Amino acid sequence: MKSWLIILLLALTTWPAAALTEGPAGSAHGAANARALEDSAFLDLLQRSAINFFWSEANSSNGLIKDRSTPNSACSIASVGFGLTAICIGIDHGWIPADQGRQRVLTTLKTFWNKPQGRDARGFIGYKGFFYHFLYMSSAVREGYTELSDIDSALLLAGILYSREYFEGADSTDVEIRALADSIYRRVDWQWMRNYNPGLTTEWTPEKGFGGGWWSGYNEMMIMYILGLGSPTHPLPASTWKAFCGGYKWGVQYGQEYVNFPPLFGHQFSHCWIDYRGIQDDYMRAKGIDYFENSRRATLAQQAYCIANPRGWKGYGEKVWGITPSDGPDGYEARGAPPAENDDGTIAPTAVGGSLPFAPEICLPTLHHFYDTYRSQLWGSYGFRDAFNLQRNWWATDVIGIDQGPIALMIENYRTGKIWKTFMKNADVRRGLERAGFRPSGTGVETTPAGQPHGFHLRQNYPNPFNSETVLEYDLPAGGSVSLSIYDLGGRLVRCLADGPRSAGLHRVVLSSEGLSSGLYFCRLIFGGQSLVRKLEVIR
């Protein structure tokens, strides 16, 4: 049953009472229809369940979070990065008490700052500012022979830097969180991890030293290079970004032209924090799109691949797709498509949830289908379990942190954009993007006339397409008279959102779909004799 009331009831009855405090189960939507309310309740349930993993599968005494939901799981530092951000989302929604969430974040940052670093094989949390991929949950030091991981360290740092921007108050706890975040980030010796290569090496261990290769080609490493380029203490040279892009593979897959990388997580992880909408590096500028659009195309191509189903797997289709690294019938495997990479019929819900902002028109119905059709085998107290395979009637039993993370974070970006807006305030992140060559783009229908004042932007609305309401944001370089209007395809004015003086800075307007029929519309912003246009889509 898909009634939003039933979903709300399930959200209340399946939530562990000792995990988080009760909070509002849905967000307000003006003039929302029944489907929009159902979507809102479902996304609340899905997001809140995923966040519960990061709160419950943790050691509250040191802040470490498990890699997966098994009793003896080690800590995954990437899981901690997603978890720090998820805790902040939980605070925003009232699902985690603010004082408890703040204290958990502070405890976590103290662990990663105070635990010893060194090159010996035992008794250390990391070396040269980087951290070991897996840590013992109790002692917070290297587990077994795990590697010093630059990409997993980067995902951890993303959560740490998000916490830095999120806790912006003047009280002593917030001040300490910000100081610890800066200290942890600035300690990382990015140059050392290059080991004289064009880019960052794949790993380092005390036993064998550096790995044999370095990271190049489009994948989840984007955020790692951006953070390395933005470092105020040990920055990577700008040449490393060009070296990274040198391995890109541009091509056409199932009618979509984009930078190919078969597993969807590579199109999602960096986007969990960095807002790539409307900005381009040299590579994407030459292609005429941005990385957000690239991820949208990759998502659409994967759904098309599953509809075509070239390998004939049972169940593949319009609402059964989602191929990315996950557990499977024969263990954990790095899967992706197209082109097919280890595709064995295994579907991972994180692949769909992590693409929600890119293509909500196909992701949201698919997530509903997973819940409505496979709930008894696939759903648990932390939301969707990791994966399923209809061909072999196999259903995962575990939940994995780095798979729940994109679901929780990308739902928030789809609904509010809060993670993007908060993370992009960080000066080091902005510096990294600038040193990589990112500049505002002219992609989509936005026009950028010569002589346009610096700092004048109309951002793409989110969500888009939208059902009940969407958010528009624009930046003004100075105070002055502004006109912000919505037009239909016939050029008729259908809504005036602003008409008069406005101050310099960022402005936010909520547009309700009440009175608007399904279809395309254009939003036009006029300021100082210049205009910008964005395309909007209403779906009923």
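Residues numbered from 1 in each chain as written. Predicted model: local features only at pLDDT ≥ 70, side-chain atom pairs only at ≥ 80, totals over all residues. Heavy atoms only, no water.

### Some points on the side chain of glutamate 165
Threshold: To qualify as a helix, a DSSP run of H or I must reach at least 4 residues; to qualify as a strand, a run of E must reach at least 2; elements of each kind are numbered from the N terminus. With a 1.4 Å probe rolled over the protein chains alone, any residue whose accessible area is under 20% of its type maximum counts as buried; one over 50% counts as exposed, and the rest are partly exposed. By the criterion applied in these results, polar contacts are pairs of N or O atoms within 3.5 Å in which, for protein atoms, one can donate a hydrogen and the other can accept it, and in which residues neighboring in sequence qualify only through two side-chain atoms. The contact rule is simple, with two residues in contact once any of their heavy atoms fall within 4.5 Å.
Inspection of the secondary structure assignment puts glutamate 165 in helix α5 (residues 150–166). A relative accessible area of 11% means that glutamate 165 is categorised as buried. Here the side chain of glutamate 165 touches asparagine 426 through a polar contact of 2.8 Å, side chain to side chain. Here glutamate 165 is in contact with Thr422, Lys425 and Asn426, once residues within four sequence places are set aside.

### A word on the pairing of strand β8 (residues 250–253)
For clarity, the threshold we go by: Only when DSSP finds a minimum of two bridges between them are two strands counted as paired.
Burial along β8 is one-sided: Gly251 and Gln253 are buried, while Trp250 and Val252, pointing the other way, are not. Here β8 runs beside strand β9 (residues 256–259); their pairing, made up of four bridges, is antiparallel. Following the sheet pairing, glutamine 253 is matched in β9 by glutamine 256. Count of turn residues in the β8/β9 antiparallel hairpin: two residues, of which tyrosine 254 carries a positive phi of about 50°.

### Observations concerning the sheet that holds strand β11 (residues 346–347)
Ordered by their spatial adjacency, three strands build an open sheet running β11-β14-β15, and the pairing between neighbours is antiparallel. Bordering the open sheet on either side are β11 and β15 (394–395), each of which pairs with just one other strand. When β11 meets strand β14 (residues 388–389), the two strands line up antiparallel, connected through two bridges. Residue pairing for β14: threonine 346 is matched across the bridge by asparagine 389.

### A short note on the pairing of strand β18 (residues 469–476)
The buried fraction of β18 amounts to seven of the eight residues, a majority that puts the element mostly inside the structure. Pairing of strand β17 (residues 457–458) with β18 involves two bridges; the strand directions are antiparallel. The residue bridging leucine 458 from the neighbouring strand is tyrosine 474, located in β18. Here β18 runs beside strand β21 (residues 505–512); their pairing, made up of eight bridges, is antiparallel. Bridge pairing in β21 places leucine 476 opposite glycine 505.

### Side note on unusual backbone geometry
The step from alanine 337 to proline 338 runs through a cis peptide bond, and the omega angle for that step is -15°. Tracing the backbone shows proline 338 in the loop between α11 (291–308) and β11. In this structure, the amide linkage connecting proline 338 to the following residue, proline 339, adopts the cis form with an omega of -10°. Relative to the assigned elements, proline 339 resides in the loop between α11 and β11. Within the chain, tyrosine 254 stands out as a residue other than glycine whose phi angle is a positive 50°. Turning to its location among the elements, tyrosine 254 is positioned in the loop between β8 and β9. Taking the relative accessible area as the measure of exposure, tyrosine 254 reaches 38% and is therefore partly exposed.

### Structural notes on the sheet that holds strand β23 (residues 530–538)
Note the cut-off: Angles run from 0 to 180 degrees between N-to-C directions of axes, and those axes are lines fitted to C-alpha atoms, restricted for helices to the stretch in contact.
The four strands lie next to each other as β20-β19-β22-β23, forming an open sheet whose pairing is antiparallel. Each having just a single partner strand, β20 (493–502) and β23 make up the two edges of the open sheet. Within the sheet, the average angular offset between the axes of one strand and its neighbour, ignoring direction, is 15°.

### Quick word on helix α4 (residues 98–114)
To keep it simple, the criterion reads: Take the residue count of a helix, subtract one, and multiply by 1.5 Å to get its expected span.
Across its 17 residues, α4 extends 24 Å between first and last C-alpha, which sits within 8% of the 24 Å expected from 1.5 Å per residue. Along α4, the residues classified as buried are Gly101, Arg104, Val105, Leu106, Thr107, Thr108, Leu109, Thr111 and Phe112.

### Some thoughts on the pattern of salt bridges
Cut-off, in case you're wondering: By salt bridge we mean one thing: a side-chain nitrogen of Lys or Arg within 4 Å of a carboxyl oxygen of Asp or Glu.
This structure, assessed with the given rule, holds 24 salt bridges. Here aspartate 174 makes a salt bridge to arginine 102, at a shortest N to O gap of 2.6 Å. Of this pair, aspartate 174 sits in helix α6 (residues 172–187) while arginine 102 sits in helix α4, and the two are 72 residues apart along the sequence. Classification of aspartate 174 as buried rests on a relative accessible area of 4%. Among the salt bridges present, the one from glutamate 165 reaches arginine 164, with a minimum N-O distance of 3.3 Å.

### Comments concerning the packing of α5 against helix α8 (residues 222–230)
In plain terms, the rule: The cut-offs work like this: below 35 degrees is roughly parallel, past 145 is roughly antiparallel, 65 to 115 is roughly perpendicular, and the gaps in between are oblique. Each crossing gets its handedness from the near helix: less than a right angle anticlockwise from the far helix is left-handed, clockwise is right-handed. For this scheme, ten residues count as nonpolar: Ala, Val, Leu, Ile, Met, Phe, Trp, Tyr, Cys and Pro. Four count as charged, namely Asp, Glu, Lys and Arg, and the remainder, Gly too, count as polar.
At a closest axis distance of 9 Å, the pairing of α5 and α8 adopts a crossing angle of 70°. Regarding the angle of α5 to α8, the classification is roughly perpendicular. Where α5 crosses over α8, the handedness of that crossing is left-handed. Contacts between α5 and α8 pair Asp150, Ile151, Ala154, Leu155, Leu157, Ala158 and Leu161 from the former with Ile223, Met224 and Leu227 from the latter. Residues belonging to the contact of α5 with α8 are distributed by class as follows: nine nonpolar, no polar and one charged.

### A short note on the environment of glycine 126
Here glycine 126 is to be found in strand β2 (residues 126–127). The exposure class of glycine 126 is buried, given its relative accessible area of 0%. Linking glycine 126 and leucine 520, residues 394 residues apart in sequence, is a C-alpha distance of 52 Å. Beyond its immediate sequence surroundings of up to four residues, glycine 126 is in contact with Pro116, Gln117, Gly118, Phe131, Tyr132 and Leu148.

### A few points about the packing of aromatic side chains
The criterion, for reference: Each Phe, Tyr or Trp ring (for Trp, its six-membered ring) is paired with any other whose centre lies within 6.5 Å, and the angle between the two planes then decides the class: stacked below 30 degrees, edge-to-face above 60, tilted in between.
Inspection of the entire model under this criterion finds 38 aromatic pairs. A centroid spacing of 6.1 Å and a plane angle of 25° characterise the contact between tyrosine 162 and tyrosine 166, whose relative ring orientation is stacked. One end of the pair, tyrosine 162, and the other, tyrosine 166, are both in helix α5, four residues apart, so they sit about a helical turn from each other. A centroid spacing of 5.9 Å and a plane angle of 50° characterise the contact between tyrosine 291 and phenylalanine 438, whose relative ring orientation is tilted. One end of the pair, tyrosine 291, is in helix α11; the other, phenylalanine 438, is in the loop between α16 (427–435) and β16 (439–440), and 147 residues separate them in sequence.

### Brief notes about α16
Operational definition: Taking the helix axis as origin, the arc is that swept by the directions to the C-beta atoms.
Residues Asp428, Val429, Gly432 and Leu433 constitute the buried set of α16. All buried residues of α16 project into a common sector of 140° when viewed along the axis, lining one side. On its buried face, α16 is in contact with α5, α6, α8, β10 (279–280) and α15 (418–423). The opening residue of α16, the one whose side-chain oxygen lies 3.0 Å from the backbone nitrogen of aspartate 428, is asparagine 426. Trailing α16 by a residue or two, glycine 437 shows a phi angle of about 95°, which is positive.

### Structural notes on the nonpolar core
Threshold: By convention a nonpolar core is built from buried Ala, Val, Leu, Ile, Met, Phe, Trp, Tyr and Cys residues, the set being connected through side-chain atoms within 4.5 Å.
Counting 97 residues, the largest nonpolar core has Phe112, Trp190, Leu227, Trp241, Trp273 and Tyr291 as its most contacted members. Not counting the four nearest positions on each side in its chain, leucine 227 is found in contact with Ala154, Leu157, Ala158, Leu161, Tyr185, Trp190, Phe423 and Val429. Among the nonpolar cores identified, the runner-up in size contains 37 residues, and Tyr258, Tyr316, Ala337 and Val352 belong to it.

Any link to function would need more than the numbers given here.
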